[in-house]
Amino acid sequence: MQAPSILVIDDDISSRFSIEATLKSLDYELHFANNYEEGWAHYLALAPCVAILNLSHFDDPERDMLKRLDLPIERPNNIIVLVENNSEHAMEACYELGINCFLKKPYNVYEICGVVERSVALKQLQNQISIDKIDLERTRKKLVAGTTHDALTQLYNRRLMNDHIEILVSKSHCNDTRFALFYFNLDDFKKVNDTCGYEVGDQVLVLIVKRLSALLRVGDLLARMEGDEFILAIEGVSNLDALALLARELLNTFSSEFKVLDQVVYITSSIGISVYPYSGNSRAELIKNAHSALYKAKSAGRNCFRFHSNKMKLKVKCQIEIEQELVRALANDEFCIYYQPKIHRKTRTLCGTEALIRWCHPTKGLIAPNDFIPIAEKSDLIIEIGRWVRYEVCSQLACWQREKFPLFPVSVNVSGKEFMRMEVLQNLIDLFLEFDIDQRLLELEITEGTLIDSVKNDNMDYEIIRGMDVRMAIDDFGTGYCSLTYLKKFPINTLKIDKSFVDGVVNNEADASIAKTIIAMAHSLNMTVVAEGIENEKQKDFLFDNGCDQVQGYYYSRPLPVEDFERYARSFIGKDKTRSIP
Ligand code: C2E
Ligand code: CA
Ligand code: CA
């Protein structure tokens, strides 16, 4: 059978690259158009199975743009439109034209694949159903099964909730955030159906959903998993008390009766709660643990909620303690910096280093940043820690300069919260003056998320950054949703390919093509590409063979205390000045 054809109409190269990288590994025939006029011409000529249209980068108001396009087709239900999260205008205009499939930014690989697969399946199904054999009921059922919503309540169905949880897991993993699942099961719902009939039962479900939905915030997602079971996914969880409060409010919505078709129904619900990452790292584990918490709530007498484990509460308590200890650590100078070497493709020698903080805890030993930076980021402690790191690195550079030690650029990580405050730049200006070091020796690593936030908030003075010689790198590139528009707005020098792609370059086609795409894109924008987390020779060979400029990872060296790093650096310039490594 011929592969389904997909037409991508997109004027943003980076977005096109990422869609291509995502869909390439699936069995589709891909076509691309760089602008809308060309796109519609292709649409008519190719009659693709599905078209993806990016509406995110219009300068004109989208509505006018769409009218001008003068869509050549009636009810184009095979078009997927990519829109900004808040583009109500664009969506409204699309609805008017009969387009109703959207992918809102930020979206990721899973979402693109999911939406495209569903649209292709739907289109193929429509093609199969020949007009003369219309069995309306069967067709409707087939179509509903292929879509994403529950027909009774209009909520997301199980399938879409499963996709959503997968996305939350990867997003929360990357951003180091938490999310919660509330697993609802109505108490004795069967009785309602048995005594009042299914019609009343159905209407009660609709009313319950209305009441629950009224308490949800933007971003919370409620889905009907089956019968009387619902899952609510909540992002941005800061503490368990807030979740407990919400659970109580949700249960309260059941306290008054439901009136349906002249009947009065009383019903309650039980809720089991799991929280990523404490209750598990995968969708399956999180659902399983929310479900087992639900059964704890049922055996505790119903009409109540239970968390999946008490250990979870302990962990949250621990975080508060760590925060207090961090204050002490700053005062007692308990931090130190490790330096991880970067190796250059052409020379195969040391060409730079990343400064990574460590906490030398008086009783617990060396603590890795992942165990305390996310906690520091939740309070203003990160600001103090960031200042400490930059001071330490600048004073180290000054020391190397004095001792005539060969100088390499050093990158430091700057967290979003710090970067959003312009004082990072002022702090650097002060440090450069104090230590009299070359600004080009310092590179700031920020994540895609930080870049997007700072462009969106528009409180950043780009001219100050442009006026400085400090280099800027985008860390963990590929895991966020950065578009070319953002990259161009900022003076970015370097893209760092995230370790998650490096892990897969040898065995996973999609990761390999994403890595190649990032390299090509960076070079086309005159940027340097660094791959991080190289652990073996095959990964190193793949990246160097494909033009990646620098690599960093355990294959060459772990992050080292300063004396060990100096020894490592000297090994390149020892007796044999040309020494390099494979
Ligand atoms: P990152 O910026 O992505 O740093 C790279 C992390 O990957 C480092 O972990 C490094 O030790 C580790 N790594 C490097 N090569 C390999 C490899 O081949 N295999 C594996 N498995 N890991 C590798 P580390 O030092 O634990 O740092 C973790 C994160 O903590 C950093 O991720 C960064 O986001 C944050 N961080 C570290 N230092 C600072 C700092 O001074 N300020 C801020 N705001 N964040 C920091
Ligand atoms: Ca980094
Ligand atoms: Ca990184």
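Residues numbered from 1 in each chain as written. Chains lettered and ligands numbered in written order. Predicted model: local features only at pLDDT ≥ 70, side-chain atom pairs only at ≥ 80, totals over all residues. Heavy atoms only, no water.

Only E354 (OE), N413 (OD1), E445 (OE) and D475 (OD) from the protein coordinate the calcium ion (ligand 2), and they sit 2.1 to 2.3 Å from it. Here the donor residues of the calcium ion (ligand 2) share one chain and are spaced in sequence as E-x58-N-x31-E-x29-D. N413 gets classed as partly exposed once you look at its relative accessible area, which sits at 32%. With relative accessibility at 8%, the residue D475 sits in the buried group. (Donors = N, O, S within 2.8 Å, 3.2 Å for Na, K, Ca; no water. Buried < 20%, exposed > 50% of the residue type's maximum accessible area, 1.4 Å probe, protein only.)

Below, the discussion takes up the coordination of the calcium ion (ligand 3). The coordination sphere of the calcium ion (ligand 3) contains the protein donors D475 (OD), D476 (OD), E532 (OE) and E532 (OE), at a distance range of 2.2 to 2.5 Å. The sequence pattern describing where the donors of the calcium ion (ligand 3) fall on their chain is D-D-x55-E. Taken as a pair, the calcium ion (ligand 3) and the calcium ion (ligand 2) show a spacing of 4.0 Å, with D475 coordinating each metal. Here D476 falls in the partly exposed class, since its relative accessible area comes to 23%.

The full set close to ligand 1 counts 21 residues, and R358, N413, D475, E535 and Y554 are the nearest of them. Taking I357, its main chain carries an N or O atom lying 3.1 Å from a nitrogen atom of ligand 1. Residue N413 places a side-chain N or O atom 3.0 Å away from an oxygen atom belonging to ligand 1. Taken by itself ligand 1 offers 810 Å² of open surface, and the protein chains cover 83% of this. When residues of the shell around ligand 1 are traced back to their parent elements, those giving at least two are β14 (350-361) and β18 (471-477). The biggest single contributor to the shell around ligand 1 is β14, with four residues. In terms of residue class, the shell around ligand 1 is made up of eight nonpolar, six polar and seven charged. (Near = heavy atom within 4 Å. Polar contact = N/O pair within 3.5 Å; in protein donor to acceptor, adjacent residues only side chain to side chain. Areas by Shrake-Rupley, 256 points an atom, 1.4 Å probe, with all protein chains shown as cover. Helix = DSSP H or I, 4+ residues; strand = E, 2+ residues; numbered from the N terminus. Nonpolar A, V, L, I, M, F, W, Y, C, P; charged D, E, K, R; others polar.)

Right, let's talk about the confidence of the model for the protein for a bit. Of all residues in the protein, 87% have pLDDT values of 70 or greater, and the mean over the chain is 84. Across residues 129-146, confidence stays below pLDDT 50; counting only partners more than four residues off in sequence or on other chains, it has nine contacts. (pLDDT = per-residue confidence, 0-100. Contact = heavy atoms within 4.5 Å.)

Across the sheet, which stays open at both edges, the five strands sit in the order β2-β1-β3-β4-β5 with parallel pairing between neighbours. Edge positions in the sheet fall to β2 (29-33) and β5 (101-104), since each of these pairs with one other strand and no more. Strand-to-strand twist in this sheet, taken as the mean axis angle between neighbours without regard to direction, amounts to 20 degrees. Where strand β1 (residues 5-9) lies against strand β3 (residues 50-54), four bridges are found, and the strand directions are parallel. From the neighbouring strand, I6 faces β3, where its bridge partner is V50. Along the sheet, helix α1 (residues 13-24) makes contact with β1, β2, β3 and β4 (79-83), crossing β2 at roughly 175 degrees. Where helix α2 (residues 36-46) meets the sheet, its contacts fall on β1, β2, β3 and β4, and the angle it forms with β1 comes to roughly 165 degrees. (Pairing = 2+ DSSP bridges. Axes fitted to C-alpha atoms, helices over the stretch in contact; angles between N-to-C directions.)

Bringing the side chain of S557 into the picture now. As for its placement among the helices and strands, S557 is situated in the loop between β21 (550-552) and β22 (560-561). Relative accessible area serves as the criterion here: at 7%, S557 is assigned to the buried category. Residues within four places of S557 in sequence aside, it is in contact with Q340, P341 and Y568.

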